[in-house]
Amino acid sequence: MKVQMMVTLAWQALISRKLRAVLTILGIVVGPALIVGLVGATEGFKVSVEERFSNMGLNTMFVFRSFRGGGTNIDFRVVDQVEGIRGVALAVPFYRISGTVRIGSDTQSITVIALDLSKLQTIFPGVRIREGEIPGVSALNHALVGGGVGDPEGGQTVLYTVNSVVSTDFNTRVGGETIRGTRSFVVSGVMEPFGQGFFINPDETIFINTLAGQSLTRQQTFSGIFVVARSAEDVDLVINSIQERYGRGLRVFASSTFLNSIRSVNEGISTILTSVAFMAVLVAFIGIMTTMFTSVAERTREIGILKSVGFRKRHIMGIFLAESSLTGLLGGIVGVGLGIVLSYTVIGIFGGNLGVGGGGFGRRSGTAPPALDIAPVITPELLIGTVLLALGIGALAGILPAWRASKLIPVEALKHE
Amino acid sequence: MSVVMEDVQKTYSTGGYATAALLGITARIESGEFACIMGPSGSGKSTLMNLLGALDRPTRGRIIVDGQDLSKSSDDQLADFRNRKVSFIFQSYNLINRLTALENVILPLLVKEGSKTDRIRASMKALESVGLRHRVRHTPDRLSGGEQQRVAMARALVTKPKIILGDEPTGNLDTKTAESVMDLLKQLNRDRGLTLVIVTHSADIAKQADKILYVRDGLLEKVDVRKKN
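Residues numbered from 1 in each chain as written. Chains lettered and ligands numbered in written order. Predicted model: local features only at pLDDT ≥ 70, side-chain atom pairs only at ≥ 80, totals over all residues.

What follows covers the overall build of chain A. Looking only at helices and strands, chain A has 11 helices and 10 strands in total. Here the C-alpha radius of gyration of chain A, 32 Å, is well above what a compact globule of 417 residues would show, namely 22 Å. Overall size of chain A, expressed as C-alpha extent along the three principal axes, is 105 × 50 × 35 Å. Considering only intrachain contacts with a sequence separation of at least 6, the fraction spanning at least 24 residues in chain A is 82%. (Helix = DSSP H or I, 4+ residues; strand = E, 2+ residues; numbered from the N terminus. Rg over C-alpha atoms; globule rule 2.2 N^0.38 Å. Contact = placed C-beta atoms within 7 Å.)

Written out as structure tokens, the structure reads:
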């Protein structure tokens with residue numbers, strides 16, 4: 001007897017008891033749905049976070065003066081020392097100034113970062129210019145404007161274009177005093193939207209040259225240093241060296257360290273969720289086995305009839321295995337469909353709440369930070385693998401009941417009511 | 001196709017107790033004979049029939065059908081025997097209720113080589129031969145007892161067996177229907193040379209047989225030969 005015939009007989013048996021088949025299939029659906037939904041969501045989160053950190057530069061570290069008493073002032077001497085540390089490719093000092101821009105009658109909080117603009121794309125590899133160019137080193141009255149400056153909601157408003165003027169009301173502390181003022185810059189370039197950054201939010205930042213920042217702040221000491229390691233492997237070495245040399249005088253934050261922590265947490269969550277999903281699969285296994293044992297018991301006489309007309313043990317076994325496998329397959333297909341919906345639902349509920357505060361070193365910029373742009377990662381391999389898993393679980397669960405059915409003695413089976 | 005029984009015994013064990021259904025039956029049914037097995041209830045005649053049809057195995061002794069020793073055959077060999085050489089007609093018809101008449105008749109052909117078209121053609125022919133062409137799409141619950149038995153007969157005939165075994169095939173039928181079923185079976189015996197073995201309580205049926213085996217208390221009491229083959 002061909003496999004196709006066994007499958008046909010199994011299908012006929014399934015649809016003759018529709019309600020039971022539907023209930024058994026529903027019991028299987030949960031496992032595949034959880035696998036696809038949760039794996040898709042956690043993978044999507046992982047990919048999004050890694051992409052975001054890659055844009056910020058996985059080799060990039062942020063060094064700034066400790067807020068506690070005894071912090072080290074960051075001047076050119078310190079910058080040179082840091083640049084001389086083994087493993088450091090680049091050390092770029094910067095000024096950070098808080099400010100606002102006016103949008104009609106409203107204001108938008110922004111940050112002004114003053115640094116050597118020629119090094120900007122080395123520090124933040126994800127920076128792309130939508131319009132214009134990065135100001136030259138000597139262009140002290142020019143600025144590169146983040147994609148969200150003047151358009152914090154990310155809508156269609158384009159407030160700043162090349163050669164337009166951006167005026168910022170800023171405030172800075174000099175010698176214990178807060179100095180306020182207004183400064184205007186000619187827009188040399190506008191950035192593509194960057195998305196949420198790490199410690200800074202490039203979309204709501206105006207980048208200017210170091211000297212321009214110095215004239216704004218009237219400071220000889222910097223707010224911090226962007227440090228780029230030669231390789232990802234050198235990051236820890238550099239952090240240790242800085243901490244050894246400067247103790248608590250300087251604080252170092254590396255995006256890769258945070259990324260590793262997030263990866264670790266994500267993997268832990270993923271493991272727990274996947275375990276939950278596999279528990280659901282185990283429950284499905286038991287459900288299918290129970291249903292198949294019931295089916296064998298109810299169809300004992302039918303098995304006797306089939307044997308009496310010449311069906312061999314392997315035919316009987318094949319029919320029941322086909323039935324349990326079909327049940328698993330159908331549950332798997334429905335489950336992955338539901339899992340795709342679940343994945344998007346989970347991302348939709350939790351992804352929007354995963355905006356990380358930026359625009360300042362631990363201090364909020366005043367506007368709501370943009371949420372992580374997450375999409376679930378649902379690969380064909382995940383879908384096919386999950387369906388095959390469900391099919392396999394169905395087949396496995398059917399082995400014992402099918403074997404029992406095949407072992408029935410025809411005359412005994414025929415006597416069954 | 002001859003049937004040879006040599007000291008056939010069958011003992012059942014249930015809950016630690018052994019029950020001897022057959023104590024040693026030695027007999028022979030010649031090829032093309034119409035034989036009846038008679039006896040009171042509990043005599044072991046149905047047990048003997050089940051052993052002849054390879055629905056069960058004897059505890060001791062041998063059953064040799066057309067040269068094949070059923071007691072030494074494997075489960076697969078017995079399954080093939082039930083498919084190719086022997087067919088059963090049961091008192092309770094033993095049709096599968098969720099299948100149509102046609103689908104019930106096709107069942108034995110599913111384990112043979114052949115195309116779907118051939119199977120349907122052969123099954124339709126078998127149903128026609130029992131006068132049920134107009135009922136092929138009916139499920140058993142929409143057929144009378146006589147019609148169900150005729151579907152069972154069609155299923156028995158579709159594989160062109162050499163032996164037909166009937167365990168009280170007319171037991172659940174009214175007189176008229178019982179007569180028509182027996183007429184059909186006798187016709188097959190006469191025209192196609194099928195060996196026919198029927199378990200029956202009916203003296204009317206028995207008197208038409210070539211040979212009657214009387215079974216009592218698990219033993220063969222006597223053999224009444226009516227006609228020489």
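What follows continues from the structure just given.
Counting its secondary structure elements, chain B contains seven helices and 10 strands. The C-alpha atoms of chain B give 17 Å as radius of gyration, which agrees with the globular expectation for 229 residues (17 Å, within 12%). For chain B, the proportion of its 229 residues judged to be buried stands at 47%. Excluding contacts between residues fewer than 6 apart, the proportion of contacts in chain B whose partners are at least 24 apart in sequence is 68%. (Buried ≥ 20, exposed ≤ 12 C-beta atoms within 10 Å, placed from the backbone.)

Accessible area lost on assembly of the parts is the figure often given for the size of an interface. Of the residues lining the interface, 18 residues belong to chain A; the matching set on chain B comes to 18 residues. Residue contributions to the side of chain A that touches chain B peak at five residues, all from helix α8 (residues 300–308) of chain A. Residue composition of the side of chain A that touches chain B, by class: 10 nonpolar, four polar and four charged. (Nonpolar A, V, L, I, M, F, W, Y, C, P; charged D, E, K, R; others polar.)

Further remarks concern helix α1 (residues 3–16) of chain A. Residues and elements named next belong to chain A. With 14 residues, α1 extends 20 Å from end C-alpha to end C-alpha; this agrees with the ideal 20 Å at 1.5 Å per step. The set of residues buried in α1 consists of Met 6, Leu 9, Ala 10, Ala 13 and Leu 14. Taken end-on, α1 shows its buried residues confined to a sector of 140°, consistent with a single buried face. Turned more than 90 degrees away from the buried face of α1, the exposed residues are Gln 4 and Ile 15. On its buried face, α1 sits against α2 (18–56) and α9 (313–350). (Expected span 1.5 Å × (residues − 1). Arc of directions from axis to C-beta.)

Let us now look at unusual backbone geometry. Note on backbone geometry: most residues besides glycine have negative phi, and most peptide bonds are trans. Residues and elements named next belong to chain B. A positive phi is found at Asp 7, a non-glycine position, where the angle reads about 45°. Here Asp 7 lies in strand β1 (residues 3–14). Overall, the presence of 13 C-beta atoms within 10 Å leaves Asp 7 in the partly exposed class. Unlike most non-glycine residues, Ala 54 shows phi in positive territory, near 60°. Along the chain, Ala 54 turns up in the loop between α1 (45–52) and β4 (60–65).

What follows deals with the nonpolar core. One recurring pattern in soluble globular proteins is that nonpolar side chains are buried together. Among the nonpolar cores identified, the biggest contains 189 residues, and A:Met61, A:Val63, A:Val145, A:Ile206, A:Val227 and B:Ala154 are the most heavily contacted of them. Among the elements that make up this core, the one with the highest residue count is α2(A) (16 residues). Mapping this core onto the domain boundaries places at least three of its residues in each of domain 1 (3–54 + 260–415) and domain 2 (60–230) of chain A. Each residue touching A:Val145, except ones within four places of it in the same chain, is listed here: A:Tyr160, A:Val166, A:Val187, A:Val190, A:Met191 and A:Ile206. (Core = buried A, V, L, I, M, F, W, Y, C linked by C-beta atoms within 7 Å. Domains from an automatic or database assignment.)

Below, the discussion takes up the pairing of strand β2 (residues 17–29) of chain B. Residue and element names in this part refer to chain B. By the bridge criterion, 10 bridges tie β1 to β2 in an arrangement that is antiparallel. By the bridge assignment for β2, Ser 13 is matched with Ala 18. In this antiparallel pair of consecutive strands, β1 and β2, the connection spans two residues, and Gly 15 shows a positive phi of 55°. (Pairing = 2+ DSSP bridges.)

Residues and elements named next belong to chain A. Packing of α2 against helix α7 (residues 255–298) leaves a shortest axis separation of 9 Å and a crossing angle of 170°. When the axes of α2 and α7 are compared, the pair comes out roughly antiparallel. The class makeup of the residues in the contact of α2 with α7 is 20 nonpolar, 10 polar and three charged. (Axes fitted to C-alpha atoms, helices over the stretch in contact; angles between N-to-C directions. Parallel < 35°, antiparallel > 145°, perpendicular 65-115°, else oblique.)

Before going further, it helps to examine the environment of A:Asn55. Residues and elements named next belong to chain A. Among the structural elements, Asn 55 can be located in helix α2. Distance from Asn 55 to Gln 121, taken between C-alpha atoms, is 9.7 Å for residues 66 residues apart in sequence. Excluding its chain neighbours within four sequence positions, the residues that come into contact with Asn 55 are Phe 124, Pro 125, Gly 126 and Phe 194.

As a further point, take helix α4 (residues 116–129) of chain B. Residues and elements named next belong to chain B. Helix length check: α4, at 14 residues, gives a terminal C-alpha distance of 20 Å against a target of 20 Å (1.5 Å per residue), a fit within 8%. Among all positions in α4, only Ala 122, Ser 123, Ala 126 and Leu 127 are buried. Here the buried residues of α4 occupy an arc of 135° about the axis, which is enough to place them on one side. Every exposed residue of α4 that faces more than 90 degrees away from the buried side is listed here: Thr 117, Asp 118 and Arg 121.

Okay, the confidence of the model for chain B next. Residues and elements named next belong to chain B. In this model, chain B carries an average pLDDT of 89, and 99% of its residues clear a pLDDT of 70 or more. Here helix α6 (residues 175–192) stands out as the element of chain B with the lowest mean pLDDT, 85, in contrast to helix α3 (residues 101–106), whose mean of 95 is the highest. Overall fold confidence (pTM) sits at 0.75, and the ipTM for the predicted complex is 0.93. (pLDDT = per-residue confidence, 0-100.)

All right, on to the pairing of strand β3 (residues 34–38) of chain B then. Residues and elements named next belong to chain B. Across the five residues that make up β3, a large majority, five, are buried. Burial along β3 is two-sided: the face carrying Phe 34, Cys 36 and Met 38 and the face carrying Ala 35 and Ile 37 are both buried. Taken together, the four bridges between β3 and strand β9 (residues 211–216) define a ladder with parallel strand orientation. What sits directly across from Ile 37, in β9, is Leu 213.

Another aspect to go through is the environment of B:Glu33. Residues and elements named next belong to chain B. Along the chain, Glu 33 turns up in the loop between β2 and β3. Judged by the 24 C-beta atoms lying within 10 Å of it, Glu 33 falls in the buried class. In this structure, the C-alpha to C-alpha distance between Glu 33 and Ser 2, residues 31 residues apart in sequence, is 8.5 Å.

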